[in-house]
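# Structural characterization, general
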Amino acid sequence: LGREPRGGCGYLASRACKHLEACLDVALLTLPRFHVEVFSLLSDVKDLGEVVENLLGLAPDLEANGRPDEGTISEEGLEEVSQWCSKKLQDFSDVLAAYNDRDDRLEGD
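Here we summarise the structure given alongside this text. (Residues numbered from 1 in each chain as written. Predicted model: local features only at pLDDT ≥ 70, side-chain atom pairs only at ≥ 80, totals over all residues. Heavy atoms only, no water.)

### Structural notes on the overall build of the protein chain
Let me state the cut-off plainly: Helix and strand assignments follow DSSP, with helices taken as H or I runs no shorter than four residues and strands as E runs no shorter than two, numbered in order from the N terminus. When accessible area is computed with a 1.4 Å probe and restricted to protein chains, residues below 20% of their type maximum are described as buried, those above 50% as exposed, and intermediate ones as partly exposed. Here, residues are in contact when the closest pair of their heavy atoms is within 4.5 Å. With residues, only the protein chains shown are counted as cover, and all accessible areas are computed by Shrake-Rupley using a 1.4 Å probe.
Scanning the protein chain from terminus to terminus reveals 4 helices and 0 strands. Of the regular secondary structure in the protein chain, the N- to C-terminal order runs α-α-α-α. Within the protein chain, buried positions represent 34% of all 109 residues. Sequence separation of 24 or more characterises 67% of the internal contacts of the protein chain that already satisfy a separation of 6 or more. Of the roughly 7,000 Å² that the protein chain leaves accessible, carbon and sulfur atoms contribute 52%.

Encoded structure:
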């Protein structure tokens, strides 16, 4: 049976977001902005954003076309996490560029 984690995918994504934000805050207090650990955390932010975007796309498809045994995806909290990830990646686009990485979602900006 397809089941969401306890609290739902949005809850889990929100928790991951809060932990990433705390780690990034500590890293920025103790390390230079362009330190590889800051870049590594930004890569995690990018990964979380991609997973959330996939869940946001999958949720309505699953609701409209899924079988009952495939479960559902609660979208609560996912949009906020997606926005946070996008903003962080935009705020640190210089760090991503320095490591020759970029967020494709920012290309139109």
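There is more to say after this.
### Overview of the pattern of salt bridges
Defined as follows: Only one rule defines a salt bridge in this text: a Lys or Arg side-chain nitrogen within 4 Å of an Asp or Glu carboxyl oxygen.
According to the stated counting rule, one finds 2 salt bridges in the structure shown. Lysine 87 serves as the salt-bridge partner of aspartate 91, at 3.0 Å between the closest nitrogen and oxygen. With a gap of 4 residues between them, aspartate 91 and lysine 87 both fall in helix α3 (residues 78-91), about one helical turn apart.

### Looking at helix α1 (residues 9-30)
The line we're drawing: To estimate how far a helix should reach, multiply one less than its number of residues by 1.5 Å. Taken from the helix axis, the directions to the C-beta atoms give the arc we talk about.
Helix length check: α1 (22 residues) gives 32 Å between terminal C-alpha atoms against 32 Å at 1.5 Å per residue, within 8%. Taken together, the buried positions of α1 are occupied by Cys9, Gly10, Ala13, Cys17, Leu20, Leu24 and Ala27. Axial view of α1: buried residues confined to an arc of 110 degrees, hence all on one face. Structural note: α1 exposes Lys18, Val26, Leu29 and Thr30 on the side pointing more than 90 degrees away from its buried face. Lining the buried residues of α1 we find α2 (36-65) and α3.

### Considering the packing of α2 against α3
To keep things clear, this is the line we draw: Lines fitted to C-alpha atoms define the axes here, with helix axes fitted over just the stretch in contact, and angles between the N-to-C directions of these axes take values from 0 to 180 degrees. The sense of a crossing depends on the near helix, which, turned anticlockwise from the far helix by less than a right angle, makes the crossing left-handed and, turned clockwise, makes it right-handed. The classification used treats Ala, Val, Leu, Ile, Met, Phe, Trp, Tyr, Cys and Pro as nonpolar, Asp, Glu, Lys and Arg as charged, and all other residues, Gly among them, as polar.
In the contact formed by α2 and α3, the axes pass within 9 Å of each other and the chain directions differ by 145 degrees. Here the hand of the crossing between α2 and α3 comes out left-handed. Residues Leu42, Val45, Lys46, Leu48, Gly49, Val52, Glu53, Leu55 and Leu56 of α2 lie in contact with α3, whose contacting residues are Leu78, Glu79, Val81, Ser82, Trp84, Cys85, Lys88 and Leu89. Taken together, the residues that form the contact of α2 with α3 break down as 11 nonpolar, 2 polar and 4 charged.

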